[in-house]
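Structural description and commentary
If you want the building blocks of each chain, they are given just below.
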Amino acid sequence: MTIQLFFLFLSLFSPRVEADTVKPQLNFCEPQIFALLQKNHSRGQWRQIPSATENVLFYRSPSKNIGSWIELGIGSKSVEVKITSATGSYDSYTFTNKKCQKPAISHAKLKNTFSVTGLNDSELKQLIQRPERTLIYIWNPAADLSLTHFKFYQAEAKKRNLKIITLLAPLANKDWAQKVAHKYNLITREHSSFELYFRGADDHYPSAFVVGENKISPRLMGGLESDNVNRFFNNLFEAKHDVY
Amino acid sequence: MMFIKVLTLVLITTLAKAECLPARVEKEFPSELASAAFMRFSPEGDFAIAWGQIGLNSESNGATYLVDLRGKKPKILRTVLAAEAYPVEGDWHLIGSVSAGGTTYYELDELLKSKIFTRSAFRSNVGGLYHVSATLNTDKQNEKIVRTVSYDKLEFSDIKVKFDNGKVISHQKVTTPTKYLCANLGKNGVGPEVMQVMLSKDGKELVGIPGTFTGYLKLFKIKDDYTCTSEDIPISSQKPMFSHPLPGKQNYIAFHTGAEIGAQPIPFGQVSIYDRDLKKYLRASLPEDKVVSFSPGTLRDGRVIFIRSDGKDKAKLVITDPYQMNPGVEGLRCLEKKSSANSNSESQEIKGNR
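Conventions and cut-offs
Residues numbered from 1 in each chain as written. Chains lettered and ligands numbered in written order. Predicted model: local features only at pLDDT ≥ 70, side-chain atom pairs only at ≥ 80, totals over all residues. Heavy atoms only, no water. Helix = DSSP H or I, 4+ residues; strand = E, 2+ residues; numbered from the N terminus. Rg over C-alpha atoms; globule rule 2.2 N^0.38 Å. Buried < 20%, exposed > 50% of the residue type's maximum accessible area, 1.4 Å probe, protein only. Contact = heavy atoms within 4.5 Å. Areas by Shrake-Rupley, 256 points an atom, 1.4 Å probe, with all protein chains shown as cover. Lys, Arg positive; Asp, Glu negative; His and termini not counted. Charge placed at Lys NZ, Arg CZ, Asp CG, Glu CD. Salt bridge = Lys/Arg side-chain N within 4 Å of Asp/Glu carboxyl O. pLDDT = per-residue confidence, 0-100. Buried area = accessible area lost by both parts, 1.4 Å probe. Polar contact = N/O pair within 3.5 Å; in protein donor to acceptor, adjacent residues only side chain to side chain. Phe/Tyr/Trp six-rings, centres within 6.5 Å; stacked < 30°, edge-to-face > 60°. Core = buried A, V, L, I, M, F, W, Y, C linked by side-chain atoms within 4.5 Å. Pairing = 2+ DSSP bridges. Disulfide = S-S within 2.5 Å.

Secondary structure assignment for chain A yields 8 helices and 12 strands. A compact globule built from 244 residues would reach a C-alpha radius of gyration of about 18 Å, and chain A, at 20 Å, matches this within 12%. Each principal axis of the C-alpha distribution contributes one length, and for chain A these read about 60 × 35 × 30 Å. In chain A, buried positions account for 57% of the 244 residues. Of the contacts formed within chain A by residues at least 6 apart in sequence, a portion of 57% connects residues at least 24 apart. Of the accessible surface of chain A, which amounts to about 10,600 Å², a share of 52% is contributed by carbon and sulfur atoms. Put simply, chain A has 31 plus and 22 minus side-chain charges, and the middle of one group is 4 Å from the middle of the other.

With that out of the way, let us pick up the overall build of chain B. The helix and strand tally for chain B stands at 3 helices and 25 strands. Here chain B holds 354 residues, and 58% of them are scored as buried. Sequence-distant contacts in chain B: of pairs separated by 6 or more residues, those separated by 24 or more amount to 51%. Counting only carbon and sulfur atoms, one obtains 52% of the accessible surface of chain B, whose full area is about 14,600 Å².

The tally for this structure, following the rule as stated, stands at 35 salt bridges over all chains. Among the salt bridges present, the one from B:Lys218 reaches B:Asp232, with a minimum N-O distance of 2.9 Å. Within this pair, whereas B:Lys218 is found in strand 16 (residues 217-222), its partner B:Asp232 is found in strand 17 (residues 228-233), the two being separated by 14 residues in sequence. Taking the relative accessible area as the measure of exposure, B:Asp232 reaches 40% and is therefore partly exposed. What you see here is one network of salt bridges that share partners, running through A:Arg43, A:Glu195, A:Arg199, A:Lys240 and A:Asp242.

Residue and element names in this part refer to chain B. Of the residues in chain B, 89% have a pLDDT of 70 or more, and the chain-wide mean is 86. The model gives residues 339-354 a pLDDT under 50, and that stretch makes 41 contacts with residues more than four places away or in other chains. For this predicted complex, the interface confidence reaches an ipTM of 0.87, while the overall pTM sits at 0.89.

A few words on the interface of chain B and chain A. At the junction of the two partners, chain B supplies 57 residues and chain A supplies 61 residues. Between chain B and chain A, roughly 4,900 Å² of surface is buried when both sides are summed, and carbon and sulfur atoms account for 57% of that area. The tally of links between chain B and chain A comes to 2 salt bridges. Seen at the junction of chain B and chain A, the total is 19 residue pairs in polar contact (both at pLDDT 80 or more). Those elements that provide at least two residues to the side of chain B that touches chain A are strand 3 (47-52), strand 19 (253-258), strand 20 (269-275) and strand 21 (280-283) of chain B.

Here we take up the packing of aromatic side chains. Residue and element names in this part refer to chain B. Counted under the stated rule, the structure contains 12 aromatic pairs over all chains. Seen from their ring centres, tyrosine 105 and phenylalanine 122 are 4.8 Å apart, and the 25° between their planes marks the pair as stacked. Taken together, the positions of tyrosine 105 in strand 8 (residues 102-107) and phenylalanine 122 in strand 9 (residues 120-124) put the pair 17 residues apart, joining distant regions of the chain. For phenylalanine 122, a relative accessible area of 4% translates into the label buried.

Now for the nonpolar core. Formed by 93 residues in total, the largest nonpolar core has its most connected members in A:Trp139, A:Tyr153, B:Phe122 and B:Leu154. Considering every element that reaches this core, the biggest residue donor is strand 7 (residues 134-139) of chain A, with 5 residues. If we skip the residues at most four places from it in the chain, B:Phe122 touches B:Leu94, B:Thr103, B:Thr104, B:Tyr105, B:Val146, B:Ile159, B:Val161, B:Val168 and B:His171. Within the second largest apolar cluster, 20 residues are counted, among which are B:Ala34, B:Phe41, B:Tyr65 and B:Val67.

The subject of this paragraph is the pairing of strand 24 (residues 304-309) of chain B. All names here are of chain B. The element strand 24 is extensively covered by neighbouring structure, given that 6 of its 6 residues are classed as buried. Alternating positions in strand 24 separate into two faces, Val304, Phe306 and Arg308 on one and Ile305, Ile307 and Ser309 on the other, with burial throughout. As judged from the 2 bridges shared by strand 22 (residues 290-291) and strand 24, these two strands associate in the antiparallel manner. Among the inter-strand pairings, valine 291 is bridged to a residue of strand 24, identified as arginine 308. Relative to strand 24, strand 23 (residues 297-298) is paired through 2 bridges, and the arrangement is antiparallel.

All names here are of chain B. Where strand 20 lies against strand 21, 4 bridges are found, and the strand directions are antiparallel. What sits directly across from isoleucine 273, in strand 21, is leucine 282. What sits between strand 20 and strand 21 in their antiparallel hairpin is a turn of 4 residues, with lysine 279 showing a positive phi close to 55°.

This part is about the state of the cysteines. Residue and element names in this part refer to chain B. Per the stated rule, a full pass over the model turns up 3 disulfides over all chains. Each sulfur of the disulfide joining cysteine 20 and cysteine 334 lies 1.9 Å from the other. Residues cysteine 20 and cysteine 334 are joined by a disulfide whose S-S torsion is about -80°; by sign, that bridge is left-handed. Placement of cysteine 20 in the loop between helix 1 (2-15) and strand 1 (24-29) and of cysteine 334 in the loop between strand 25 (315-320) and helix 3 (343-347) is noted, with a sequence separation of 314 residues between them. Bridging cysteine 182 to cysteine 228, the disulfide has an S-S length of 2.0 Å. Between cysteine 182 and cysteine 228, the S-S dihedral sits near -70°, and the bridge is therefore left-handed. In this pair, cysteine 182 is assigned in the loop between strand 13 (167-173) and strand 14 (196-199) and cysteine 228 in strand 17, connecting sequence segments 46 residues apart. In terms of burial, cysteine 182 and cysteine 228 fall into one category: buried.

Written out as structure tokens, the structure is:
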């Protein structure tokens, strides 16, 4: 009954929970965890992520704050809620059956290899808030199609009056990138955005997002060609965008 | 006396367990190719194929390299293959190289002989950027069907290939009633829209990543009439890889994703499998592994293979048994030395002259 109430609360406060998200199962401290999620503006768009830690199930959701994502690590005896921030740190709240009211709290840096000069979440926020829309295109010289087929993204963006920002993948070979970027109208400034990373920017290259008008699109991925780029962009614009 | 003998036999039978494969093995791997976005591993883990740039003097964007892992030190061989050339899933006898309007197939043996003049074996006219191929068995020895599928609409071709002593001696396109797989699940007579595609080792299942992010993979079971059923697999990952057939189990899906927060520096990833019988994720890499290879490989013996970085400039090839990596999970205790690919695949493996 308590678990049912939890999910009822969750659905009430996250009216746009997508049909394709999952629902984490909590065995204790549901009201306290729910309150924490609500306080941190969880969108409730939970997706399970594979775990490198034994016997713990992990779920992750974006929040309504750019750069802030929420992760649940559900074990048999404890639940850890991690809330990241755009500044590159996270707060951790560990709940156990006996410590629902007073979870253990800690703070840590979000380890990363991002460049300090890369486009970070602060800049991403500015792009999202702009009235005009921008195509963010992430490339890697090790993914040849992200070079050779950028022209199709470029042409489609121009047709749709999108500004374009190209960003280099964080782990890309910089020397290689410098050598080939100019040939394909790409720039070698890196992406250093936690928001884009958590949205799957680094699952594959190229990856792309459309931002602006206080919205961010789902990730679009893959090399596109002249006979399908329009259709894939149509799909992207028809898909649900997260509003800030 | 008889009682003692029987008891001894029972005890021996009870206590004797098949030997497990090693839980984890590491080998050298050339660091110059470690972070290749495109990499594939052979079924025995003796070769890898990767798109990379070794030395920055050339004007080209890069080249496809074969990495020979058979000896103590890996050897890198440059090839004539195009970007994102890929092995035919199954036994790796053939490598496909995508070019305008189709795919040209080369025999691995020919590629190993020469990097400049390499005889091609045959060609498929399936176009598109992202391809995958796999071999299907027929009822004849030394004959297979090479199935090639392209992204987006799942355009495909089946080509019947005959071998003699491991060499391609003839090929013939199979006439099919449709040129699109799974058209019953798509629109306007073409297959469903997926961006990245991967076939199972037997060519009868296909997994695809939707172009617009959904958090799920689409898995299609291909029937004999080329229609399909589909299900959603709850993975958001880079290009997934089917395992080779496992005795008594469905094949699993291996993939590379980001790790849980705090496990390792963003954006290094981790490797996991999705066990379709247990409907569970099982880790195949350790929390401290900085995984750099975009797609893990799967070996014929069921293990997973991937590349990890030391965070600086060295790389290691890692082979793990995901079942031993997750001892608390019910089901398979370990991958056994005797539990290699099922008899169908093994008996019809095309022998080459490597």
